[in-house]
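So the chains spell out like this:
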Amino acid sequence: MSTSCFDLVVRNARAATASDVFTTDIGIRDSRIVQLGSGLPEGAREIDARGRVVTPGGIDAHCHLDQPSSSPVKMADDFNSGTISAACGGTTTVIPFAAQQKGHSLRAAVEDYHRRADGVSHIDYAFHLIVSDPTPEVLKVELPELIGKGYTSFKAYMTYDDLKLDDGQILDVLDVAKRHGAIAMLHAENSDCIEWLTQRLESMGRHAPRFHAYSRPMLVEREATHRAIALAELVAVPILIVHVSGREAIEQIRWGRAHGLNIFAETCPQYLFLTAEDLGIDDSYTGAKCVCSPPPRDKANQEFIWNGLRDGLFTVFSSDHAPFNFEGDEGKHPQGKEVSFRHIPNGIPGLETRMPLLYSEGVLKGRISLEKFVELTATGPAKTYGLHPRKGAICIGADADLVIWDEREVTIRNGSLHHAVDYTPYEGMRLGAWPACTLLRGEVLWDGESYVGSRHRGKFIVAGRPSILPDVRAS
Ligand code: URP
Ligand code: ZN
Ligand code: ZN
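Residues numbered from 1 in each chain as written. Chains lettered and ligands numbered in written order. Predicted model: local features only at pLDDT ≥ 70, side-chain atom pairs only at ≥ 80, totals over all residues. Heavy atoms only, no water.

**Quick look at the packing of helix α4 (residues 167-180) against helix α7 (residues 218-235)**
Short version of the rule: Lines fitted to C-alpha atoms define the axes here, with helix axes fitted over just the stretch in contact, and angles between the N-to-C directions of these axes take values from 0 to 180 degrees. Numbering of helices and strands runs from the N terminus, with a helix taken as a DSSP run of H or I at least four residues long and a strand as a DSSP run of E at least two residues long. Our angle categories are set so that under 35 degrees counts as roughly parallel, over 145 as roughly antiparallel, 65 to 115 as roughly perpendicular, and the remainder as oblique. Working rule for handedness: look at the near helix, and if it is turned counterclockwise from the far one by less than a right angle, call the crossing left-handed; if clockwise, right-handed. We call two residues in contact whenever any of their non-hydrogen atoms come within 4.5 Å of each other.
In the contact formed by α4 and α7, the axes pass within 9 Å of each other and the chain directions differ by 50°. Comparing the axis directions of α4 and α7 gives the class oblique. For α4 against α7, the interelement crossing comes out right-handed. Packed against α4, whose contacting residues are Asp167, Ile170, Leu171, Leu174, Asp175 and Lys178, the element α7 presents Arg227, Leu231, Ala232, Leu234 and Val235 at the interface.

**Some points on the sheet that holds strand β9 (residues 124-125)**
In plain terms, the rule: Any two strands are treated as partners once DSSP identifies two or more bridges connecting them.
With parallel pairing, three strands are arranged side by side in an open sheet as β6-β7-β9. Of all strands in the sheet, those with a lone pairing partner are β6 (58-60) and β9, marking the two edges. Bridge count for β6 against strand β7 (residues 91-94) is three bridges, and the pairing is parallel. Of the residues in β7, the one forming a bridge with Asp60 is Val94.

**Section: the coordination of the zinc ion (ligand 3)**
Quick reminder of the rule: Ligating atoms shown are N, O and S within 2.8 Å of the metal, or 3.2 Å for Na, K and Ca, and water is not included, meaning a site may look less than complete. Here the metal geometry follows the donor angles, with tetrahedral for four donors whose angles all fall between 85 and 135 degrees, square planar for four and octahedral for six when opposite donors are more than 155 degrees apart and every other angle is between 65 and 115, and irregular for all the rest. Exposed residues in this analysis have more than 50% of their type's maximum accessible area, buried residues have under 20%, and partly exposed residues fall in between, with area computed by a 1.4 Å probe over protein chains only.
Those protein atoms acting as donors to the zinc ion (ligand 3) are His62 (NE2), His64 (NE2) and Asp320 (OD), and they sit at 2.0 to 2.1 Å. Classification of the site at the zinc ion (ligand 3) as tetrahedral follows from its four donor atoms and the range of 89 to 123° in their angles at the metal. Coordination of the zinc ion (ligand 3) draws on donor residues from a single chain, spaced H-x1-H-x255-D in sequence. In this structure, the zinc ion (ligand 3) lies 4.1 Å away from the zinc ion (ligand 2). Pair noted here: His62 is in the loop between β6 and α1 (79-88) and Asp320 is in the loop between β15 (316-317) and α11 (354-363), with a separation of 258 residues, a long-range link. No difference in accessibility class separates His62 from Asp320, as the two residues are buried.

**Regarding the coordination of the zinc ion (ligand 2)**
Only Lys155 (NZ), His187 (ND1) and His243 (NE2) from the protein reach the zinc ion (ligand 2) as donors, at distances of 2.1 Å. Mapped onto the sequence, the donors of the zinc ion (ligand 2) take the spacing K-x31-H-x55-H. The exposure class assigned to His243 is buried, which follows from its relative accessible area of 2%.

**Some words on the environment of His128**
Quick note on the threshold: Think of a polar contact as two N or O atoms within 3.5 Å of one another; within protein, one of them needs to be a possible hydrogen donor and the other a possible acceptor, and neighboring residues in sequence only count if both atoms come from side chains.
By secondary structure assignment, the location of His128 is in strand β10 (residues 128-130). On a C-alpha basis, the gap between His128 and Ile183 in space is 9.7 Å, while along the polypeptide they are 55 residues apart. A distance of 3.5 Å separates the side chain of His128 from the backbone oxygen of Ile95, its partner in a polar contact.

**Focus on the packing of aromatic side chains**
For clarity, the threshold we go by: Only centres within 6.5 Å qualify two rings of Phe, Tyr or Trp (six-membered ring in Trp) as a pair; their planes then separate them into stacked at under 30 degrees, edge-to-face at over 60, and tilted for everything else. By definition, being over a ring means that NZ of Lys or CZ of Arg is both within 6 Å of the ring centre and within 35 degrees of the ring normal.
Inspection of every chain in the model, using the stated rule, returns 16 aromatic pairs. Ring centres of Phe79 and Tyr113 lie 5.4 Å apart, and the angle between their planes is 70°; on these two criteria the pair is classed as edge-to-face. Here the residue Phe79 occupies a position in helix α1, and Tyr113 occupies one in helix α2 (residues 106-117), the gap between them amounting to 34 residues. Assigned by exposure class, Phe79 and Tyr113 land together as buried. The rings of Phe79, Tyr113, Tyr125, Phe127, Tyr151 and Phe460 are connected pair by pair, giving a single aromatic cluster. In this arrangement the basic side chain of Lys155 is found over the ring face of Phe97, its NZ or CZ atom lying 5.4 Å from the centre. Looking at Lys289, its charged tip hangs above the ring of Phe326, at a distance of 5.0 Å from the centre.

**Details of the nonpolar core**
In a soluble, globular protein the nonpolar side chains are often hidden away together inside. In plain terms, the rule: Only buried residues count toward a nonpolar core, which is a set of Ala, Val, Leu, Ile, Met, Phe, Trp, Tyr and Cys residues joined through side-chain atoms within 4.5 Å.
Counting 107 residues, the largest nonpolar core has Leu174, Leu186 and Leu309 as the members making the most contacts within it. No other element matches α7, which puts six residues into this core. Those residues in contact with Leu186, other than ones at most four positions away along the chain, are Ala156, Met158, Ile170, Leu174, Ala228, Ile239, Leu240, Ile241 and Val242. One finds Ile59, Phe97, Tyr157 and Ile468 within the second-largest nonpolar core, a separate group that totals 21 residues.

**A closer look at unusual backbone geometry**
Negative phi values dominate among residues other than glycine, just as trans dominates among peptide bonds. Following Ser71, the chain continues to Pro72 via a peptide bond in cis, the omega torsion being 5°. With respect to the helices and strands, the residue Pro72 is situated in the loop between β6 and α1. Of note, the bond from Ser293 into Pro294 is cis; its omega dihedral lies within 30 degrees of zero at -10°. By the secondary structure assignment, Pro294 is in the loop between α9 (270-273) and α10 (299-311). Even without a glycine there, the phi angle at Asn12 is positive, about 60°. Turning to its location among the elements, Asn12 is positioned in strand β1 (residues 8-16). Unusually for a residue other than glycine, Asp30 sits at a positive phi of about 50°. If you trace the backbone, Asp30 turns up in the loop between β2 (21-29) and β3 (32-37). Residue class for Asp30 comes out exposed when judged on its relative accessible area of 59%.

Here's what the structure looks like:
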């Protein structure tokens, strides 16, 4: 038996947190960080990180894994492939969605989702809820009960027929969030405008993937973002707007904040690295690979997103990984054929590339600081969703979830990724960094070349009260 007081020492790390970058050894015992400082005694195992940046393990706070879809559509990634892929890209905690189906209970969705994740996930996980049917039972009993049991965030949709809530229903769920200490995430797009535009496009014979972007212009996101903010103001509760795509939605969020409202925001790699042209400049079906909602915009909007990442508009940077294969009848070719844009499953893969893309294009190109990178990819999500300081931090007592970065040239190739999706929208992109090592609670999962984790070690994390909510004592 080892007599060392550490199971592992990560030595000479250039540790980055959301507030500081400092050189330290990191002493780990029983899965947790127990000491920081120079010249720590030898551990039972040692990893030399000299010259390397070490960040907290990433938290991907918006991803879809094994989420039931209507047949024949099926997600390519379950908790097995999805969480291996996440770990190989530096993510150690995921927060996917337990989605209520209309006419069914929310509790049933959570039980079903645990069956999909428990004993299967390779990294730690919490769940957001999706509330699609806020019946009196859900509002009065199920949602408060689930919030109390550690499901302290939920998403409400303003679009998609099978998920959307009307304004009155949104007010009802926001009121539950306020009274029970949860954070509500809003998918903000105006459903009626989208339907009206879609019908017009279809009547003109415009069915190609690129028309998806025409059916969801920035105006529909701007209007819904403003409405979401107004609904939150009425209830006097903080909200988080998910997958913000560009200038007009950002302006609404800045407006809300300027009026003293607690409006938080998330964005995703697709709004930094893709544009509407990736949905096709002609009627080719390849653009289906980049069909997601809201759609990617243009280069000018990418700059607005970078500004928002730099200046604190965004709290969370997530992948919105929605893993549908391009080939085959379960994904982007439902029924095995090229379909009109309205029937293309929405979403793109991105769990494994999220952290390297932002490190490489953000930190290494001088667009954001290393501290900001940590805040957006780990600390911000942990605070927003009640996981901090156990997750998203390099401090004594935190889980030893760490990423050691290797600043080397890497070309993204789908064949090198670990998800089960048959494409990446970032194929051929050249990056300047990739994780050399990902550690979950002190265990190496990714060694820079291969997935080496012991199987299915991921634990469900009971989320606490989101620390971005107002202090209960103050109200
Ligand atoms: O197109 C997207 N974003 N698909 C995933 C579902 C959602 O709305 O986040
Ligand atoms: Zn959404
Ligand atoms: Zn999503």
